[in-house]
Amino acid sequence: MSQTQKKIIEPLKKEPAHVLRGIYTWTNIIILSVFYSSTIILLFPFVYPFDKERHFLHKLASLWAISIGKFNPWWVFNIRGRENLVNKDEVVIYVANHQSQADILALFMLSTRFRWLSKASLFKIPIFGWGMTAVGYVPVDRSSKASSEKSIKLSIRHLKKGTPMIFFPEGTRSKTGALGEFKMGAFRLAKSLNIAIVPITVDGCADMLPKGSIWPKVTQVTITVHPKIDSNNLTASELMLKAKEAISSKLK
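In this convention, every chain numbers its residues from 1, walking through the sequence in written order. Given that the model is predicted, a residue must reach a pLDDT of at least 70 before its local features are reported, and side-chain atom pairs must reach 80 or more before they are shown or counted; all residues, however, enter totals for whole chains, interfaces and linings. Hydrogens and waters are ignored; side-chain quantities use all the structure's heavy atoms.

Enquirer: Just checking my understanding: could you explain the packing of helix α7 (residues 185–193) against helix α9 (residues 236–248) for this structure?
Expert: How two helices pack is summed up by the angle between their axes together with the distance between the axes. A fitted line through C-alpha atoms represents every axis, and for helices the fit uses only the stretch in contact; the resulting angles, taken between N-to-C directions, go from 0 to 180 degrees. Under the DSSP-based scheme used, a helix requires at least four consecutive residues in state H or I and a strand at least two consecutive residues in state E, with every element numbered from the N terminus. Closest axis-to-axis distance for the α7/α9 pair is 8 Å, and the angle between their directions is 125°. Here α7 is positioned oblique relative to α9, judged by the angle of their axes. Handedness of the α7/α9 crossing: right-handed. Residues Phe187, Arg188, Ala190 and Lys191 of α7 touch α9, and the partners they reach there are Ala236, Leu239, Met240 and Ala243. Looking at the contact of α7 with α9 residue by residue, the class counts come to six nonpolar, no polar and two charged. Orientation categories follow fixed angle ranges, with anything under 35 degrees roughly parallel, anything over 145 roughly antiparallel, 65 to 115 roughly perpendicular, and all other angles oblique. Left-handed describes a crossing in which the near helix is turned anticlockwise from the far one by less than a right angle; the clockwise case is right-handed. By the convention used here, residues are in contact when the closest approach between their heavy atoms is within 4.5 Å. Here the nonpolar group is Ala, Val, Leu, Ile, Met, Phe, Trp, Tyr, Cys and Pro; Asp, Glu, Lys and Arg are the charged ones; every other residue, Gly included, is treated as polar.

Enquirer: What am I meant to see in helix α3 (residues 55–71) here?
Expert: Residues separated by three or four positions in an α-helix point in the same direction, a consequence of the helix having 3.6 residues per turn. To estimate the expected span of a helix, subtract one from its residue number and multiply by 1.5 Å. For α3, with 17 residues, the first-to-last C-alpha span of 25 Å sits near the 24 Å given by 1.5 Å per residue. By the burial criterion, the buried members of α3 are His55, Leu57, His58, Leu60, Ala61, Ser62, Trp64, Ala65, Ser67, Ile68 and Gly69. A simple rule labels every residue: compare its accessible area, found with a 1.4 Å probe on the protein chains alone, to the largest value its type can have, and call it buried under 20%, exposed over 50%, or partly exposed in between.

Enquirer: Is there a simple way to think about the side chain of His158 in this case?
Expert: If you trace the backbone, His158 turns up in helix α6 (residues 145–160). Here Gly136 takes part through its backbone oxygen, which lies 2.8 Å from a polar atom of the side chain of His158. Here His158 is in contact with Glu53, Arg115, Gly136, Val138, Thr163 and Met165, once residues within four sequence places are set aside. N or O atoms closer than or at 3.5 Å make up a polar contact, with two conditions inside protein: a donor-capable atom paired with an acceptor-capable one, and, for residues adjacent in sequence, both atoms drawn from side chains.

In structure tokens, the structure reads:
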């Protein structure tokens, strides 16, 4: 029996309620993802001529996440520091820690304007990936230098058009939930464009959907939006250290 098969079968033997919760959770995630992605795709040609930055479609993506949260009462999202989110006339770079594949779901709960950098493989998922493309989220294949360069150009375009970007400076999900090493890309970009950084701590997503498991757990997630860090008088390295310190301060 393979390791993947064991991860699926073992919970079936030990925790039937856990498995039923997982089946219910994944069923409504799939249904809601197909519904919202299809709606985004269908509305795209009607929205784009009047809203080239596709902010309305991003609002639908936020509703997707909020709907998933409503249908899963064992996932509770607490938002702190909402006053630190920027208004629509201001552009910043948000940076968040990366605990789980559920992190972006938690960040959508903020219901604020942004685009995000995501691994290119997600954009290949039928319907869901097409919806991501329609909204204008940014794909990146970190193993490809050309893809990384293209993703930075697309991110700069969004920022110059007034839309904040979200980056996960760790680059990949943490295996333990502990904060990993930060890459410099987002901070160099903030410095080059003279844009402030807003750190965000996401705590609890590692328990929602543990890495290496398909079975969701009962958990509370706390999303803390920290005050923005002005890039004017700081180097990119100093920006990174301040952001990392802020994010780690709210991790358990």
